[in-house]
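# Reading the structure
Read off the chains here:
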Amino acid sequence: MAKRSACLFTILRRHKNPNRSKKREEVMENPSLINGSDYFHFLKLKEDTQKPSMEVPTPPMIHGIDGFQSQKPNDLSREKSNIIENHNFSNGLDSWHANCCDAFLSVQETRPKSCKHHAVVTNRSQNWQGLEQDITHKISSGSTYTVCARVGVSGTKLQGNAEVIATLKREYQHSGTKYYNIARTTVSKGKWENLEGTFVLRDKPDRVVIYLEGPNPGVNILIESVLVFTHLQDKILPCVYTADDNIILNPDFEDGVNNWSGRGCKIAVHASMGDGKIIPKSGKFFASTSERTQSWNGIQQDISGKLQRKLVYEVTAFVRIFGNNVTSSTVRATLWVQTPDSREHYIGIANTQATDSDWVQLQGKFLLNGLQSKVVVYLEGPSPGTDILVDGFIVKHAEKTPPSPPPVIENPDYGVNIITNSNLSDGTNGWFPLGNCSLNVVTGSPHILPPAARDTLGPHEPLSGRCIHTTNRTQTWMGPAQMITDKVKLFVTYQISAWVRLGPGASGPQNINVALGVDSQWVNGGQVEISDSNQWHEICGSFRIEKQPAKVMVYIQGPAPGVSFKLAGLQIFAVDRQARFRHLRRQTDKIRKQDVTLKFPTPDSSSMYPTMVIVKQIQNSFPIGTCISRTNIDNEDFVAFFVKNFNWAVFGNELKWYWTESQKGNLNYQDADDLLKLCDDNNISARGHCIFWDVDNTVQDWVKNLNKTDLGAAVQNRLTSLLNRYKGKFKHYDVNNEMLHGSFYPSRLGQDIRANMFKTANQLDPSATLFVNDYHVEDGCDTRSTPEKYISQILDLQQQGAPVGGIGIQGHIDSPVGPVVCSALDKLGCLGLPIWFTELDVSSINEYIRADDLEVMFREAFAHPAVEGIMIWGFWELFMSRENSHLVDAESEINVAGNRLLELKKEWLSHSHGHVDDKGEFCFRGFPGTYEVIVVTDGKKTVKKFVVEKGDVPLVVPINP
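About the cut-offs
Residues numbered from 1 in each chain as written. Predicted model: local features only at pLDDT ≥ 70, side-chain atom pairs only at ≥ 80, totals over all residues. Heavy atoms only, no water. Pairing = 2+ DSSP bridges. Helix = DSSP H or I, 4+ residues; strand = E, 2+ residues; numbered from the N terminus. Axes fitted to C-alpha atoms, helices over the stretch in contact; angles between N-to-C directions. 1 Å grid on protein atoms, 1.4 Å probe; cavity = no way out; pocket = protein on both sides within 12 Å on 5 of 7 lines; lining within 4 Å. Points joined across faces, edges and corners; volume = space filled by probe spheres on them. Nonpolar A, V, L, I, M, F, W, Y, C, P; charged D, E, K, R; others polar. Polar contact = N/O pair within 3.5 Å; in protein donor to acceptor, adjacent residues only side chain to side chain. Contact = heavy atoms within 4.5 Å. Expected span 1.5 Å × (residues − 1). Salt bridge = Lys/Arg side-chain N within 4 Å of Asp/Glu carboxyl O. Buried < 20%, exposed > 50% of the residue type's maximum accessible area, 1.4 Å probe, protein only.

### A short note on the sheet that holds strand E46 (residues 940-948)
The sheet built from four strands is open, its strands ordered E43-E33-E45-E46 with antiparallel pairing. The open sheet has two edge strands, strand E43 (911-914) and E46, and neither has a second partner. Ignoring strand direction, the axes of neighbouring strands in this sheet form an average angle of 15°. As paired elements, strand E45 (residues 929-937) and E46 share nine bridges and run antiparallel to each other. By the bridge assignment, Thr 937 is partnered in E46 with Lys 940.

### Thoughts on empty space enclosed by the protein
In this structure the tally under the stated criterion is eight cavities of 30 Å³ or more. Volume-wise, the largest cavity comes out at about 70 Å³. What lines the largest cavity is Lys 656, Trp 657, Tyr 658, Cys 690, Phe 692, Trp 693, Thr 698, Val 699, Gln 700 and Tyr 745. It is strand E36 (residues 685-693) that provides the largest number of residues to the lining of the largest cavity, a total of three residues. When grouped by side-chain class, the residues that make up the lining of the largest cavity number seven nonpolar, two polar and one charged.

### Focus: the side chain of Asp 774
Note on placement: Asp 774 falls in strand E38 (residues 769-774). Only 3.1 Å separates the side chain of Asp 774 from the backbone nitrogen of Met 739, close enough to count as a polar contact. Sequence-distant contacts of Asp 774, that is, excluding residues within four places in its chain, are made with Glu 738, Met 739, Leu 740, His 741, Tyr 790, Gly 808, Ile 809 and Gln 810.

### Considering helix H16 (residues 896-907)
Here H16 is twelve residues long and its end C-alpha atoms lie 16 Å apart, about the 16 Å a rise of 1.5 Å per residue gives. Looking at the buried residues of H16, the elements they touch are helix H15 (847-862) and strand E42 (867-872). Structurally, the start of H16 carries an N-cap: the backbone nitrogen of Ala 897 is 3.1 Å from a side-chain oxygen of Asn 895.

### A word on the pattern of salt bridges
Scanning the entire structure with this criterion turns up 41 salt bridges. Asp 634 is paired through a salt bridge with Arg 630; the nearest N and O atoms lie 3.0 Å apart. The class for Arg 630 is buried, based on a relative accessible area of 13%. Between Lys 704 and Asp 696 there is a salt bridge, with the nearest N and O atoms lying 3.2 Å from each other.

What follows is the structure, encoded as structure tokens:
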């Protein structure tokens with residue numbers, strides 16, 4: 001490196017605060033405490049004694065604005081619209097502030113005159129420490145801002161490359177601080193790089209700061225200039241990717257296969273294929289893969305360095321398949337990511353059913369939570385030998401989906417049955433046979449509503465005792481039907497209730513199902529499995545329609561051909577959720593709150609009773625938790641929301657056997673360890689999900705390929721390895737997940753294996769409560785997992801000596817109806833075991849309806865005495881198992897459903913105030929949890945904390961001065 005003369009002025013020092021917290025939100029210091037210009041005049045006198053020894057890169061000899069581009073006539077518009085003060089450090093470090101580190105100005109005499117200054121940020125002990133500027137009063141919401149900075153790195157601790165990040169800090173008085181990474185670039189020693197990106201403020205924070213950060217502790221950041229501007233004159237393109245820019249190079253294959261490569265296969269570009277039958281969807285060319293020997297083989301492009309973390313990207317492509325006599329196959333878009341610490345993970349972006357006859361669109365979104373050193377996007381999916389064809393590949397910043405408007409529902413007619421001639425007083429008028437079956441009206445059915453309908457509707461006139469008898473059925477779908485197109489209103493939740501009974505001659509259990517045909521879609525309205533023809537059975541369920549249909553038909557179907565059945569009292573009616581909520585609030589007050597008496601000491605001659613007591617609950621101790629994943633905790637916004645709003649956690653995949661031992665003997669507990677540490681550091685309890693999973697397609701291949709003896713040994717090794725490692729760490733374990741829906745282990749190892757799993761787990765970690773865990777138990781839509789079958793399974797396990805300690809109801813539910821859910825809880829509650837909702841999520845395209853669904857489930861759970869905890873199955877967009885179920889969008893904005901949850905949590909905090917009585921007591925009724933009491937005596941305030949433990953008897957809490 002050429003020798004250069006340099007004079008170094010120390011301009012800015014860290015503001016030292018020995019009491020500052022290690023948390024990021026608390027160490028971001030107030031810039032008003034440091035002023036660069038104040039230090040400049042004082043410390044300039046010491047310039048000869050402030051000359052740290054370091055190598056700094058020489059910027060290229062480019063005449064222009066701070067070395068960005070050769071200057072065009074209108075490039076000066078950037079400076080004119082630039083909102084950064086002292087953007088090129090021509091006034092020292094005036095307007096800039098060092099965040100918990102030091103900064104000084106370097107002047108390189110051999111550099112071009114226009115860019116002879118640069119700032120050096122040094123003595124950095126954390127990645128986030130850097131140089132910042134407050135831009136609160138210079139920006140407005142809704143505008144797009146472009147950031148261009150010129151940066152380098154230096155220092156003795158620099159090894160290889162380092163990453164420099166431009167970050168926006170948004171501070172809100174009532175909701176904390178949020179961080180947004182605008183841009184990042186990788187810099188090597190001796191080089192200068194452009195740092196380029198854009199951002200939009202969708203609201204107006206109380207304070208906005210832009211800063212540069214990123215390299216490892218001990219590495220210096222060099223900054224030559226920073227520009228933030230709103231517009232460019234004469235349509236000069238900015239130096240960043242905008243929302244319309246595709247980051248994929250050669251997306252239409254106009255330049256052959258340049259920038260593309262095969263992922264384990266060969267790729268080529270064509271103008272046509274198949275004797276001219278296959279032509280591009282658009283443009284002149286498309287690409288193909290060939291010689292695929294694995295399903296993951298495909299076409300790929302390295303997009304490292306082009307993506308910003310915590311920013312949503314959308315992928316769009318047109319695909320089809322060719323060859324191997326396959327006419328239809330799934331094609332997936334996948335992201336392979338390698339992090340700076342060499343972790344690897346895969347992100348599924350989108351999938352579509354591609355055919356060999358036409359192009360279909362593949363579209364999906366993704367987000368990167370943390371830093372990444374390498375990112376590759378690729379297509380995969382079809383079986384080996386089948387070629388993937390792709391035409392046009394776009395990856396760009398996704399447009400933000402506007403918030404849902406609240407649905408307008410006029411005259412919902414709550415409780416009114418929309419079925420015509422439900423009591424059959426007019427024969428079969430309004431009904432028609434679906435298929436070549438026969439409908440006849442007969443008598444002998446119940447005169448009362450089914451239980452779930454009675455719970456919703458309350459007192460109701462008796463049923464007529466008449467029913468439809470359906471005979472001559474030659475297909476399972478045949479039965480009585482009715483058109484209800486004009487009676488169903490969008491976004492209204494409807495409950496379904498009916499009595500059904502099998503006719504004679506059935507062989508084995510039969511399903512009867514209330515179904516809806518919504519245009520071409522089948523909707524499950526509830527079903528029941530019947531093994532006898534001697535009694536009536538209840539069907540209960542629900543549905544909701546959120547897009548305007550052309551045709552809606554309800555029909556009853558299910559038993560095998562030739563089996564007749566009877567239907568009585570079919571009710572389909574809109575549910576008044578607010579009326580149910582009023583009932584649940586009263587129920588909640590009865591079962592969740594308890595009487596509390598604060599007992600103050602008898603006053604002596606020198607003291608008196610407090611004149612005022614103010615009680616405020618800080619935290620409700622009822623467990624409300626969420627699913628988290630390893631990749632989530634690289635996103636500080638996710639972690640902040642998680643830590644603030646939840647007191648329990650469960651890991652999405654990281655504890656499952658296929659994750660911890662995907663290859664035999666190759667154990668991976670690091671991800672689970674990282675998640676558990678986060679929980680431990682924040683006093684958050686964790687559930688262990690799950691030790692085994694009984695559904696066949698969730699078992700890894702190497703386990704499936706074991707013989708009986710080796711499989712038994714592997715099961716024992718799994719138990720020993722997992723529970724010994726985490727003994728006492730997880731308060732719950734789901735021992736064998738979804739045993740109502742799978743039977744892999746009993747089918748291979750015998751029926752006693754399930755009970756033995758519980759016994760062994762209990763021996764290895766007696767402190768953990770052992771749960772069964774299954775889905776669709778609470779909604780009436782799955783005959784495999786009714787409350788009755790779940791109860792039977794639990795009793796069978798207990799009879800074999802299995803220490804079943806808890807009942808897990810997953811809670812993946814659509815259009816929930818409170819009384820239907822409550823009915824299932826009542827039945828399961830008879831076992832006397834604690835019930836937890838372990839994987840709760842609801843889904844609706846409308847955030848207001850999603851919020852209502854979530855409120856239904858939370859209120860039903862919180863108001864039921866058998867329920868002891870609620871876990872939601874995630875909350876962050878793009879990291880949920882179901883679409884339209886998130887509470888916070890991918891770029892950290894809380895939606896209506898998320899705010900509804902926060903409102904419920906706030907409602908479930910108890911507050912009271914008043915005067916102490918003549919017995920020295922202050923009484924109130926409150927939820928268990930942590931409280932703060934402010935005691936006012938003779939004008940003086942004293943603050944005490946106390947805890948209300950859950951109990952069935954009134955609690956007396958002594959409050960000592």
